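# Tertiary structure, described
Read off the chains here:
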Amino acid sequence: MSQIKLARLQHALAERAEKNLLRQPVTLDNYNGRLITINGQQYLNFSGNDYLGLATAPEVLQAFAEGAAHYGAGSSGSPLVTGQHKVHQQLSDMLCDWLGVERALLFSSGFAANQAMLLTLADKQDLLLLDKLSHASLIDAALCSKADLKRFAHNDLSSLSSLLEHQSADALQPMVVTEGVFSMDGDGPDLPALLALCQQHKAPLLLDDAHGLGVLGPEGSGSAAAQGIAISDLFCLMANFGKALGVGGAFVAGSKTVIDYLEQFGRHYIYSTGLSPALCAAVIKSIELCRSQSWRREILQQNISLFRQLAAELPLLVSDTAIQGVVLGSNQRALTASKKLKQAGIWLSAIRPPTVPSGSARLRITLSAQHTAQDIRLLVQQLRQTV
């Protein structure tokens, strides 16, 4: 029987290879934000999510080291046993102050946080309505939950409105899930209009703001605040510390009732080892820098504007964020372009299905405050020659 199973696995791998869909991890020799070294070769990095350059900020690294010396490297247990340290509560309190929410719960990753959020809060009396381009963690959680699932056209309020209106006569409670900035396209919804539609239909709005937190809004407080929405108007908010904040881990924030419920019933929280306290100390320092050093966001916005201006002739997706997509269509074309760019000293990964829809393979460019104008000009010059 094991041989039959192995044969199935080998067949699946061969099919993926035939379609140019195999993906391999990349082992870095060194990382300093704008530059990465792989197998002794240095590249300009346009594939990371360190939007503000905080992953290597000296203050964050020092906080990490001091946190390890003071609290230890690991938390030693799950949060409800012995894994909750004083620094975990300090981080939660800082999130509440920063975002204007009542409580925040910490998780090991954004994937775990999204899984906990939907699997815990949605039950068989609910209908989850997800944007068509929602992250895999949201889709998987919705599919595994007891709730029904329907998906609306990407950022399309009329599509969502139609689903909500058809549901009005049903006993199921609709819950709307979307993202502040979509990770592969770099765009986002009209959140005020979306919230108004949800309020009209008494549908809670849940927001994944992994790629908006730190980058958008006053003090980097995220997509909702950037569009004039009080985060407290959301049913709950998920974001992580591994993108603009440059560290790792994630959180779900909301009212005391919602977070108390997640704390008591969220299996991803209850049965996982708590975040490293040293990591929490680093996140606290990263948030402090994010809030106080607005120049990081200003430089990032300048880099985004420069790239959009120089790359106007390229097949760009519509985006005014750090995520810029150049859609090439076929998997082979995207892989070939990525290989040519690496030969020119630029690390830019090819993104293919199932991460993006079939036929929309692309180069996913991510810009950082650490990039220089010269870096961006070189990137666009090479893209013009390659694409």
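As a starting point, this report considers the structure included with it.

Scanning the chain from N- to C-terminus turns up 14 helices and 14 strands. Relative to the globule expectation of 21 Å for 387 residues, the C-alpha radius of gyration of the chain, 21 Å, shows essentially globular dimensions. Partitioning the intrachain contacts of the chain with sequence separation of at least 6 by distance along the chain shows that 70% fall at a separation of at least 24. With an accessible surface of roughly 17,400 Å², the chain has 51% of that area assigned to carbon and sulfur atoms. The centroid of the 31 positive side-chain charges in the chain is displaced by 9 Å from the centroid of its 32 negative side-chain charges.

Reading across the sheet, the four strands line up as β1-β2-β3-β12 and stay open at both edges, with mixed pairing between neighbours. The open sheet has two free edges, formed respectively by β1 (30–31) and β12 (346–347), since each of these has just one partner strand. Across two bridges, β1 lies against strand β2 (residues 35–38) in antiparallel orientation. The residue of β2 that forms the bridge with N30 is T37.

Right, let's get into helix α7 (residues 191–200). An α-helical turn contains 3.6 residues, so a residue and the one three or four places further along point in the same direction. Every buried residue of α7 is listed here: L191, L194, L195, L197 and C198. Viewed end-on, α7 has its buried residues packed into an arc of 160°, placing them on one side of the element. Each element contacted by the buried residues of α7 is listed here: α6 (157–167), β7 (173–179), β8 (205–208) and α8 (223–226). Measuring from the backbone nitrogen of A193 back to the side-chain oxygen at the start of α7 gives 3.2 Å, which picks out D190 as the cap. One or two positions beyond α7, positive phi appears at K202, with a value near 55°.

Thresholds, definitions, all that
Residues numbered from 1 in each chain as written. Predicted model: local features only at pLDDT ≥ 70, side-chain atom pairs only at ≥ 80, totals over all residues. Heavy atoms only, no water. Helix = DSSP H or I, 4+ residues; strand = E, 2+ residues; numbered from the N terminus. Rg over C-alpha atoms; globule rule 2.2 N^0.38 Å. Contact = heavy atoms within 4.5 Å. Areas by Shrake-Rupley, 256 points an atom, 1.4 Å probe, with all protein chains shown as cover. Lys, Arg positive; Asp, Glu negative; His and termini not counted. Charge placed at Lys NZ, Arg CZ, Asp CG, Glu CD. Pairing = 2+ DSSP bridges. Buried < 20%, exposed > 50% of the residue type's maximum accessible area, 1.4 Å probe, protein only. Arc of directions from axis to C-beta. Polar contact = N/O pair within 3.5 Å; in protein donor to acceptor, adjacent residues only side chain to side chain.

These results come straight from atomic positions and should not be treated as a statement about function.
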